[in-house]
Amino acid sequence: MNDGVIRQLADDWRKAGVEEGDMLLVHSSLGRTLRRIAKLGGEVNPRLVIESFLRALGESGTLLLPLFNFDFPKGVTFDIRNSPSQMGTLTEVGRLWPGVVRTGHPIYTFAVIGKDAEMFRGLKNFSGYGQDSPFAILHRRGGKIGVLDLPDQNSMTFYHYVEESQKAP
């Protein structure tokens, strides 16, 4: 039954504009999607949501999930292997995904899964939003941003990349 749910969600993502081979950054809140999975008869498990995005992206696609860590500026040590995501359940599941690459910025860190994940390994970006950041890679690669059940002000961190690249005051 879970395969049918994954297929249905992947079809939904494709209808929303996700294409095979895309590089996709997803900001998420899962409540409504998990309720939908239950209605479809699937196991209520965030892993199914990641699997559905990966199916929609295909083997040539790449999924980015924000694992932002707002404790670092408060003096809490950042550990690239163990610091949990503060961006919700889907991102924490993504952080632990087999073969995931995690970027190293101590605040604006990402889980990257898929074909181009290795280009993010060892990324050393001083600014969370600079020309050497995951946001810049997403921009250069013509990536897309998916927002799942969040308001704009809780999902458009890319705005800050644009502000920094345009030297906004």
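Residues numbered from 1 in each chain as written. Predicted model: local features only at pLDDT ≥ 70, side-chain atom pairs only at ≥ 80, totals over all residues. Heavy atoms only, no water.

Participant: Can you lay out the side chain of Ser 133 for me, pointing to particular residues and giving the numbers?
Facilitator: Tracing the backbone through its elements, the reader meets Ser 133 in the loop between strand 4 (110-114) and helix 5 (134-140). Given a relative accessible area of 0%, Ser 133 falls into the buried group. A polar side-chain atom of Ser 133 sits 2.7 Å from the main-chain carbonyl oxygen of Gly 130. If near-sequence neighbours (up to four positions away) are discounted, Ser 133 is found in contact with Leu 123, Asn 125, Ser 127, Gly 128 and Tyr 161. (Helix = DSSP H or I, 4+ residues; strand = E, 2+ residues; numbered from the N terminus. Buried < 20%, exposed > 50% of the residue type's maximum accessible area, 1.4 Å probe, protein only. Polar contact = N/O pair within 3.5 Å; in protein donor to acceptor, adjacent residues only side chain to side chain. Contact = heavy atoms within 4.5 Å.)

Participant: Residue-level account of the nonpolar core, with values.
Facilitator: In this structure, Trp 13, Val 49, Ile 50 and Leu 63 are the most contacted members of the largest nonpolar core, which totals 27 residues. If you list the elements that add at least two residues to this core, you get helix 1 (2-15), strand 1 (23-28), helix 2 (31-39), helix 3 (46-57), strand 2 (62-66), helix 4 (89-95) and strand 4. Top contributing element to this core by residue count: helix 3, with 6 residues. Setting aside residues no more than four positions away along its own chain, Val 49 makes contact with Trp 13, Leu 30, Thr 33, Leu 34, Ile 37, Leu 90 and Leu 148. (Core = buried A, V, L, I, M, F, W, Y, C linked by side-chain atoms within 4.5 Å.)

Participant: Can you tell me about the pairing of strand 1, naming the residues and giving the values?
Facilitator: For strand 1, the buried fraction is high: 6 of the 6 residues fall into the buried class. The side-chain alternation of strand 1 yields two buried faces, one formed by Met 23, Leu 25 and His 27 and the other by Leu 24, Val 26 and Ser 28. In this sheet, strand 2 lies alongside strand 1 in parallel orientation, the contact comprising 3 bridges. Each residue of the ladder has a partner; that of Leu 25, found in strand 2, is Leu 64. Here strand 1 runs beside strand 5 (residues 144-148); their pairing, made up of 5 bridges, is parallel. By the bridge assignment for strand 5, Val 26 is matched with Gly 146. (Pairing = 2+ DSSP bridges.)

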